[in-house]
Amino acid sequence: MRIYETKDYDSLSRKAANIIAAKVISNPECVLGLATGSTPIGTYKRLVEMYNDGDLSFKNVKSVNLDEYKSLSPEHDQSYRYFMQTNLFNHVDIKPENTNVPNGLAENAEEECKRYNDVIKSMGGVDIQLLGLGHNGHIGFNEPADYFPLDTHLVDLTESTIKANKRFFASEDEVPRQAFTMGIRTIMQAKSILVIASGKDKAEIVCKAFSGPVTPNVPASILQLHPDVTLVCDKEAMSLLKETGVEIISL
Ligand code: GLP
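Here's a quick rundown of the structure. (Residues numbered from 1 in each chain as written. Predicted model: local features only at pLDDT ≥ 70, side-chain atom pairs only at ≥ 80, totals over all residues. Heavy atoms only, no water.)

So, the overall build of the protein chain
Phase 1: Per the secondary structure count, the protein chain includes 8 helices and 11 strands.
Phase 2: At 17 Å, the protein chain has a C-alpha radius of gyration in line with the 18 Å of a compact globule built from 251 residues.
Phase 3: When the backbone C-alpha atoms are referred to their principal axes, the protein chain occupies close to 50 × 45 × 35 Å.
Phase 4: When each of the 251 residues of the protein chain is scored for burial, the buried share is 53%. (Helix = DSSP H or I, 4+ residues; strand = E, 2+ residues; numbered from the N terminus. Rg over C-alpha atoms; globule rule 2.2 N^0.38 Å. Buried < 20%, exposed > 50% of the residue type's maximum accessible area, 1.4 Å probe, protein only.)

Here it is in structure tokens:
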């Protein structure tokens, strides 16, 4: 595992964008696993800048997103499809038919999960998977549990996730209670993984996930077993993991 500490959020975003750009440049037909949440916004902004500068093209790139709220339409301004359109897809040359997000409006959840698993398989898997971290260690929407869910599935969101995400909605009541998410096996099958975390409120979970025991109670802890993980954190998010003495590359 490579661990980078950056001086602030802006520098974290540039580092993460550089890592993704390097993948796209070395393999213009790569499959990007993409994430939502507030942390990757700066990364996407930087990728758009690189595209505008003529340094990057997504023309032959395919993408597959981690998750989507159940019952939100792609046009809903809090759906993850909408997030991806407004933060990245609308601003670069990725082909709309090459972008994939679970369908929040699918009537049959089981069929939608199967369809999404098949989409990922048909692409030959993910080359680089971007991940943020939930405060409880969730990745995608794989919540703490007593087992690691394998493939795409429908989850009941935990109270802590609903509370953390209510800032994006008019009220807590409007936060969907369920979501589709890629499973842990699919995430672990990505050829490489890039985890980003920013801010003091992520310091505890970063430390637990990357230096604590591997347990489904902290879903992100499984990443310790992946052979190609890069963790990029700003100083604040890194503060507690740093105290454990792990080897860190400071930027
Ligand atoms: C959501 C998403 C996750 C994301 C997490 C952290 O619950 N499903 O994929 O990593 O939030 O979000 P943030 O980056 O806003 O802290």
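After presenting the structure, the write-up continues.
Comments concerning the site of the ligand
Phase 1: With respect to spatial proximity, 14 residues lie near the ligand, and among them Ser38, Thr39, Asp67, His138 and Lys202 are the closest.
Phase 2: Within the backbone of glycine 140, one N or O atom sits 3.2 Å away from a nitrogen atom of the ligand.
Phase 3: Residue lysine 202 places a side-chain N or O atom 2.5 Å away from an oxygen atom belonging to the ligand.
Phase 4: For the ligand, the protein covers 96% of the area, taking 390 Å² as the surface of the free molecule.
Phase 5: Across the shell around the ligand, the residue classes break down as 3 nonpolar, 8 polar and 3 charged. (Near = heavy atom within 4 Å. Polar contact = N/O pair within 3.5 Å; in protein donor to acceptor, adjacent residues only side chain to side chain. Areas by Shrake-Rupley, 256 points an atom, 1.4 Å probe, with all protein chains shown as cover. Nonpolar A, V, L, I, M, F, W, Y, C, P; charged D, E, K, R; others polar.)

Quick word on helix α3 (residues 80–87)
Phase 1: Those residues of α3 that fall on the buried side of the exposure criterion are Tyr80, Arg81, Phe83 and Met84. Taken end-on, α3 shows its buried residues confined to a sector of 160°, consistent with a single buried face.
Phase 2: Buried residues belonging to α3 abut β2 (31–34), α2 (41–52), β3 (62–65), β4 (67–69), β5 (99–100) and α5 (159–165). (Arc of directions from axis to C-beta. Contact = heavy atoms within 4.5 Å.)

Description of helix α4 (residues 109–122)
Phase 1: Compared with an ideal rise of 1.5 Å per residue, which puts 14 residues at 20 Å, α4 spans 20 Å between its outermost C-alpha atoms and is within 8% of the ideal.
Phase 2: Buried within α4 are the following residues: Ala109, Glu112, Cys113, Tyr116, Asn117, Val119 and Ile120. Looking down the long axis of α4, one finds its buried residues gathered within 155° of arc, a one-sided arrangement. Turned more than 90 degrees from where α4 packs its buried face, Glu110, Glu111, Lys114, Lys121 and Ser122 sit exposed.
Phase 3: Of the surrounding secondary structure, the elements contacted by the buried residues of α4 are β3, β5, β7 (153–156), β8 (178–181) and α6 (184–189).
Phase 4: Where α4 starts, the residue carrying a side-chain oxygen 3.1 Å from the main-chain nitrogen of glutamate 110 turns out to be asparagine 108.
Phase 5: Two residues or fewer after α4 comes glycine 124, characterised by a positive phi angle close to 80°. (Expected span 1.5 Å × (residues − 1).)

Quick notes on the pattern of salt bridges
Where charged atoms from two side chains of opposite charge approach closely, those side chains can pair.
Phase 1: Inspection of every chain in the model, using the stated rule, returns 11 salt bridges.
Phase 2: Arginine 115 is paired through a salt bridge with glutamate 112; the nearest N and O atoms lie 2.8 Å apart. One end of the pair is arginine 115 and the other is glutamate 112, both in helix α4 and 3 residues apart, which spans about a single turn.
Phase 3: What makes arginine 115 partly exposed here is its relative accessible area of 36%.
Phase 4: We note a salt bridge from aspartate 118 to lysine 114, for which the minimum N-O separation is 2.8 Å. Taken together, the positions of aspartate 118 and lysine 114, both in helix α4 and 4 residues apart, correspond to about one turn of that helix. (Salt bridge = Lys/Arg side-chain N within 4 Å of Asp/Glu carboxyl O.)

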